[in-house]
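What the coordinates show
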Amino acid sequence: KHQDLLIGLILIAFACVLFFVTFGFEEVPAAFAQGVQAASMPRLLLGLIVVFCGAMVIQGWAKPEPDREAPPWRFWATAGALALGVAMIATFGVGIIAFFVCLAVPLIWGERFRAALVAYALTAPIGIYLVFTVALQLRLPQGPLEGLLY
């Protein structure tokens, strides 16, 4: 059984199709460009997906995968928390959602050191803000409540 091999190849093909779709994005002339061009971030992310899936394919090719048990409940709870967070970004904004996701996911997995968890939940959204908004000059979706923070 080479499950990772098949899934990795499907994801690489899908990422390549999406990568070529980005060539249809409009470019802003360099004199008017502010920050990163519209196609740059998707291309970067898709390139990373191809690299990671390539590693998965190589590992899947090297050895067959043993039979696995069903994922634990924590997996499904994490997937639900992430899906709920993505669905609520338009309402609350990236910063607030990132805070609650960074708080919820470690709790789902049994994190007990609360001080470190709160520090992580506070610093991760700040880091996201600094990297994307300040360094890359990208506007992240803001909800009505998040506009009150800055």
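Presented here is a report on the structure given in the accompanying data block.

Calculation notes
Residues numbered from 1 in each chain as written. Predicted model: local features only at pLDDT ≥ 70, side-chain atom pairs only at ≥ 80, totals over all residues. Heavy atoms only, no water. Patch = residues over 30% accessible without salt bridge, like charges linked within 9 Å, V, L, I, M, F, W, Y side chains within 5 Å. Areas by Shrake-Rupley, 256 points an atom, 1.4 Å probe, with all protein chains shown as cover. Salt bridge = Lys/Arg side-chain N within 4 Å of Asp/Glu carboxyl O. Helix = DSSP H or I, 4+ residues; strand = E, 2+ residues; numbered from the N terminus. Buried < 20%, exposed > 50% of the residue type's maximum accessible area, 1.4 Å probe, protein only. Expected span 1.5 Å × (residues − 1). Contact = heavy atoms within 4.5 Å.

Together, Phe-14, Val-17, Leu-18, Val-21 and Phe-25 give the surface a local cluster of nonpolar side chains, amounting to about 440 Å² of exposed area. Along the polypeptide, Val-17 turns up in helix H1 (residues 3–21).

Next up on the list: the environment of Pro-141. On the secondary structure map, Pro-141 appears in the segment after helix H5 (114–135). For Pro-141, a relative accessible area of 43% corresponds to the partly exposed category. C-alpha separation for the pair Pro-141 and Gly-95, spaced 46 residues apart in sequence, amounts to 8.7 Å.

Working note: α-helix, 3.6 residues per turn, so residues spaced by three or four point in the same direction. Under the 1.5 Å per step criterion, the end-to-end length of helix H2 (residues 40–62) is 33 Å for 23 residues, consistent within 8% with the ideal 33 Å. For H2, the set of buried residues is Met-41, Leu-46, Cys-53, Gly-54, Val-57 and Gly-60.

Here Ala-121 shows up in helix H5. Taking the C-alpha atoms as reference, Ala-121 lies 7.2 Å from Phe-100; in sequence the two are 21 residues apart. Contact partners of Ala-121, with chain neighbours within four places excluded, come to Phe-99, Cys-102 and Leu-103.

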